[in-house]
Amino acid sequence: MNDIRHCPMIETENLTKVYFNNSHPSVQAVKDISLKIGQGEIVLISGPNGSGKTTLLSMLGCLLNPHAGTIRICGRDVTALSQKELTEFRLRNIGFIFQNFRLLDSLTVMENVELPLVLAGIRRPVSRDRAAAALEELKMSHRANFYPNVLSGGEKQRVAIARALVNDPAVILADEPTGSLDSNAGQATVQLLREASRKRGKTVIIVSHDERIRHFADRVISMEDGRVKKEERP
Amino acid sequence: MIPVARRMIWREKARFFITAGGLGLTTMLMLFLLGVYEGVKRGSTGYVRECRADIWACESNSTNLLRSSSFMPASLGTEFQKADGVRSAAGILRILATTKIKGKPVTLFLFGFDPREPLGKPPRIIKGRAEIGPGELIVDRAFAAKFKLIPGDSIEIHGRSFRIAAVGEGMNAVVTQFVFTTLEDAQKLLGFPSVVSFHLLSLNPGATAETVIRDLKKSHPTLSFFTKKEFIRNNLDEMETGVLPIFWTIALLGGIIGAALIALMPYGSVLEKREDYALLKAIGARSRFLLFVILKQSLIGSVAGFMIGLALDAVLSPVLLKLVPGLSVVMTLRAVIVVFAAVLLIAGLGSWAPVRKLSRIFPMEVFR
Ligand SMILES: Nc1ncnc2c1ncn2[C@@H]1O[C@H](COP(=O)(O)OP(=O)(O)O)[C@@H](O)[C@H]1O
Ligand SMILES: [Mg+2]
């Protein structure tokens, strides 16, 4: 029921987010954004710092409630879901990748990748096999039993991609995935993300102001001051 | 399953060992208190339990040995002996005598008993014989150790010199110990030759204490009679009203300290690993899962602390017993279970603050 695989798109209508400070409206971070993103599409959202990219991505990732407007993921209005339902929805349908990797230090690489499966109630040995396969695909098998603190930035991000993919979600959201990496590692990482997603037909939204990864995207949406300024196909 | 809680604990070993160690000390304190309590309880009823009296006769308002004054004619013994079902009767006299031992002022809890009677003798003699003569004393082992006395030493009581003839054990009264002398000497010290405090009765085979007491109450309406079991209970009640509140206060303080300690570990984890918890929330961890992660950390810390406490108690109790001669510590399975239950309760209470903190972490924080 929560599974939206084979569904075509993400759709937002007049999406608006206002951050309140002491209950006075202070920042209108996202203003009236209406978007349509097709299944399997790889979209880059670019724009200067503070233009509202992360806020938009948080709303698409069901982590933040919009102030106004609707979000449909596979025809399902997620703004109508309860917190509990949203948690479940994220677990099944959305994979996250962050600028700071957000791997758990206390777990091994293998366990970090296994984590979403465990949360979904999948037990060993199935969870272990699937995590191993994901690591294999991201060329990280040799580090499976290491703790994240001994990995390089690029390796950490590959582990994070494996974690985002392992539950087979329909949508992958990445916030500045190259932000903590040097240029080469950044390019290689996004390349891997692109290949793995393409193969599975995942919809990918990457937020980044990194101009060098434009060509990996099917479409580039530029934001400025909370609004979409232009859209182009590189 | 991935043991997330265990891994999080292990990542912060120092914090874990400080918490478990602190809780271990708390556990040890609680075990030790209960042990002392049980020791005092058994010690202060030891004489009543072992002196072979089936019925205790006291002056009407007296109920126990420790803190009530009871006086009655010694001659009542002959009357009691004639009653149906009574095999023998013997009087004992309890007096408080102030004296000095090796320069230190001491109040003696002095019992006079008739060495020719089978009833009323101090039951466990470890040095010398219970059949003492005039001018002789039997002291408790703890008492002897406290004042460094050995058989043959003398104590002056009300101007008369008494010689320690025997040493016994199990003659405790909460924090002091009973000292035994002959009934005649005790009566002389009191100044009334034909007075006793209690009459101890033993029964013929087949007679029941309840029936005998019913008859005795009819013939002696101004006296109180208790079965052995009732008299033990009375003495326990008397003791407990004195010391129980102190025990509870210390135990409660221990519990609060324990809860604070155990809260520290998951609370520290939630504070420092805030982004880890935010990540778990973001990628779809249910509240129940996160609650278990916290509770498990508390539980692991508590159980480890309990084990450490148990080990500390086993190692340190004998040392303390050597250092404090008057002390008797009795470890019971019940006490261990009670303390374990308390530790689990502490774990639960200690989880409250971190769980509250956890509920204020938003999944959105992963983007920071
Ligand atoms: N939690 C918040 N509270 C208040 N203001 C915020 C919060 N998060 C972001 N903002 C503000 O909203 C605007 C958009 O931020 P953000 O979405 O992070 O932009 P970007 O990711 O493009 O840098 C900025 O002005 C930022 O200061
Ligand atoms: Mg941002």
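Residues numbered from 1 in each chain as written. Chains lettered and ligands numbered in written order. Predicted model: local features only at pLDDT ≥ 70, side-chain atom pairs only at ≥ 80, totals over all residues. Heavy atoms only, no water.

Draft legend 1. Representation of the overall build of chain A. Broken down by element type, chain A carries 6 helices and 10 strands. Taken over 234 residues, chain A has a buried fraction of 55%. For chain A, restricting intrachain contacts to residue pairs at least 6 apart in sequence, the fraction spanning at least 24 positions comes to 70%. On chain A, roughly 9,800 Å² of surface is accessible, and the fraction owed to carbon and sulfur atoms is 47%. (Helix = DSSP H or I, 4+ residues; strand = E, 2+ residues; numbered from the N terminus. Buried < 20%, exposed > 50% of the residue type's maximum accessible area, 1.4 Å probe, protein only. Contact = heavy atoms within 4.5 Å. Areas by Shrake-Rupley, 256 points an atom, 1.4 Å probe, with all protein chains shown as cover.)

Draft legend 2. Quick look at the packing of aromatic side chains. Inspection of every chain in the model, using the stated rule, returns 20 aromatic pairs over all chains. A centroid spacing of 5.6 Å and a plane angle of 25° characterise the contact between phenylalanine 111 of chain B and phenylalanine 180 of chain B, whose relative ring orientation is stacked. In this pair, phenylalanine 111 of chain B is assigned in strand β4 (residues 104-113) and phenylalanine 180 of chain B in strand β10 (residues 176-182), connecting sequence segments 69 residues apart. Residues phenylalanine 111 of chain B and phenylalanine 180 of chain B agree in their burial class; the two are buried. Put simply, the rings of Tyr47, Trp56, Phe109, Phe111, Phe113, Phe178, Phe180, Phe198, Phe226 and Phe231 of chain B pair up and form one aromatic cluster. The ring of phenylalanine 146 of chain A has arginine 143 of chain A lying over it, and the distance from NZ or CZ to the ring centre is 4.7 Å. (Phe/Tyr/Trp six-rings, centres within 6.5 Å; stacked < 30°, edge-to-face > 60°. Lys NZ or Arg CZ within 6 Å of the ring centre and 35° of its normal.)

Draft legend 3. Inspection of the interface of chain B and chain A at higher detail. Taken residue by residue, the interface counts 24 residues in chain B and 33 residues in chain A. Around 2,700 Å² of area is buried between chain B and chain A when both sides are counted, 63% of it from carbon and sulfur atoms. Summed over the three residues of chain B that lose the most area to chain A, namely Ile2, Ile283 and Phe367 of chain B, the buried surface amounts to 26% of that side. Taken together, the connections running from chain B to chain A amount to 3 salt bridges. Lysine 273 of chain B serves as the salt-bridge partner of aspartate 105 of chain A, at 3.7 Å between the closest nitrogen and oxygen. Run the count over chain B and chain A and you get 7 residue pairs in polar contact (both at pLDDT 80 or more). Of all the secondary-structure elements, those providing two or more residues to the side of chain B that touches chain A are α1 (4-11) and α8 (274-282) of chain B. Here the side of chain B that touches chain A takes 6 residues from α8 of chain B, the largest share from any one element. Grouping the amino acids of the side of chain B that touches chain A by side-chain chemistry returns 14 nonpolar, 1 polar and 9 charged. (Buried area = accessible area lost by both parts, 1.4 Å probe. Salt bridge = Lys/Arg side-chain N within 4 Å of Asp/Glu carboxyl O. Polar contact = N/O pair within 3.5 Å; in protein donor to acceptor, adjacent residues only side chain to side chain. Nonpolar A, V, L, I, M, F, W, Y, C, P; charged D, E, K, R; others polar.)

Draft legend 4. Main features of the pairing of strand β10 (residues 227-232) of chain A. Residues and elements named next belong to chain A. Inspection of the sheet shows strand β9 (residues 219-224) paired to β10 by 5 bridges, in the antiparallel sense. Paired with isoleucine 221 across the two strands is glutamate 231, which belongs to β10. Two successive antiparallel strands, β9 and β10, enclose a turn made up of 2 residues, where aspartate 225 displays a positive phi of approximately 50°. (Pairing = 2+ DSSP bridges.)

Draft legend 5. Representation of the environment of leucine 104 of chain A within the structure. Position of leucine 104 of chain A among the secondary structure elements: in the loop between β6 (94-97) and α3 (109-119). Take leucine 104 of chain A: its relative accessible area is 0%, and that puts it in the buried class. Considering only alpha carbons, one finds leucine 104 of chain A and lysine 199 of chain A, 95 residues apart in sequence, at a separation of 27 Å. Once you skip the residues sitting within four places of it in the chain, leucine 104 of chain A turns out to touch Asn112, Leu115 and Pro148 of chain A together with Asp276, Leu279 and Leu280 of chain B.

Draft legend 6. A look at unusual backbone geometry. Residues and elements named next belong to chain A. Across the junction of arginine 124 and proline 125, the peptide omega takes the value 5°, indicating a cis bond. Considering the arrangement of structural elements, one finds proline 125 in the loop between α3 and α4 (126-137). Its identity as a non-glycine residue notwithstanding, glutamate 176 has a phi of 45°, on the positive side. Secondary-structure assignment places glutamate 176 in the loop between β7 (171-175) and α6 (183-200). Under the relative-accessibility criterion, glutamate 176 is labelled buried at 10%.

Draft legend 7. How the structure looks around the site of ligand 1. Residues and elements named next belong to chain A. The environment of ligand 1 is formed by Tyr19, Val27, Ala29, Pro48, Asn49, Gly50, Ser51, Gly52, Lys53, Thr54 and Thr55. Between ligand 1 and serine 51, the relevant distance is 3.2 Å, taken from an oxygen atom to a main-chain nitrogen or oxygen of the residue. A distance of 2.9 Å is found between an oxygen atom of ligand 1 and a side-chain nitrogen or oxygen belonging to lysine 53. Here ligand 1, which alone exposes 560 Å², has 65% of that area covered by the protein. Where the shell around ligand 1 is concerned, the elements lending two or more residues are β2 (24-38) and α1 (53-60). The element that contributes the greatest number of residues to the shell around ligand 1 is α1, accounting for 3 residues. Across the shell around ligand 1, the residue classes tally to 4 nonpolar, 6 polar and 1 charged. (Near = heavy atom within 4 Å.)

Draft legend 8. Layout of a positive patch on the surface. On the surface, a cluster of positive charge is made up of Lys102, Lys104, Lys146 and Lys148 of chain B. By secondary structure assignment, the location of lysine 148 of chain B is in the loop between α4 (141-146) and β7 (154-157). (Patch = residues over 30% accessible without salt bridge, like charges linked within 9 Å, V, L, I, M, F, W, Y side chains within 5 Å. Lys, Arg positive; Asp, Glu negative; His and termini not counted. Charge placed at Lys NZ, Arg CZ, Asp CG, Glu CD.)

Draft legend 9. Spatial organisation of α3 of chain A. Most of α3 of chain A is tucked away: 11 of the 11 residues are buried. Listing the buried residues of α3 of chain A in full gives Val109, Met110, Glu111, Asn112, Val113, Glu114, Leu115, Pro116, Leu117, Val118 and Leu119 of chain A. The elements touched by buried residues of α3 of chain A are α2 (83-93), α4 and α5 (153-166) of chain A together with α1, α8 and α9 (287-323) of chain B. Glycine 121 of chain A, located one to two residues past α3 of chain A, shows a positive phi value of around 85°.

Draft legend 10. Summary view of the sheet that holds β7 of chain A. All names here are of chain A. Reading across the sheet, the 6 strands line up as β6-β7-β8-β3-β9-β10 and stay open at both edges, with mixed pairing between neighbours. Where the open sheet ends on each side, the last strands, each with one partner, are β6 and β10. When the angles between neighbouring strand axes are averaged without regard to direction, this sheet yields 20°. Looking at chain direction, β7 and strand β8 (residues 203-207) are connected through 5 bridges and run parallel. Bridging from a neighbouring strand, isoleucine 172 pairs with valine 204 of β8. (Axes fitted to C-alpha atoms, helices over the stretch in contact; angles between N-to-C directions.)

Draft legend 11. Representation of the domain arrangement of chain B within the structure. Assigned domains of chain B: these are domain 1 (2-44 + 244-367) and domain 2 (61-221). Centre-to-centre separation of domain 1 of chain B and domain 2 of chain B, based on C-alpha positions: 47 Å. (Domains from an automatic or database assignment.)

Draft legend 12. View of the confidence of the model for chain B. Residue and element names in this part refer to chain B. With 99% of its residues at a pLDDT of 70 or more, chain B has an overall mean of 87. Per-element averaging of pLDDT across chain B places strand β9 (residues 172-173) at the bottom with 69 and α8 at the top with 93. Across the predicted assembly, pTM comes out at 0.78 and ipTM at 0.93. (pLDDT = per-residue confidence, 0-100.)

Draft legend 13. Spatial organisation of the packing of α9 of chain B against helix α10 (residues 333-359) of chain B. Residues and elements named next belong to chain B. At a closest axis distance of 8 Å, the pairing of α9 and α10 adopts a crossing angle of 145°. In terms of crossing hand, the pair formed by α9 and α10 is right-handed. Residue-level inspection shows Leu290, Leu291, Ile294, Leu295, Ser298, Leu299, Ser302, Val303, Phe306 and Leu310 of α9 in contact with α10, the latter providing Val336, Val339, Phe340, Val343, Leu344, Ala347, Ser351, Pro354, Val355 and Leu358. Here the contact of α9 with α10 is built from residues that sort into 17 nonpolar, 3 polar and no charged. (Left-handed = near helix turned anticlockwise from the far one by under 90°.)

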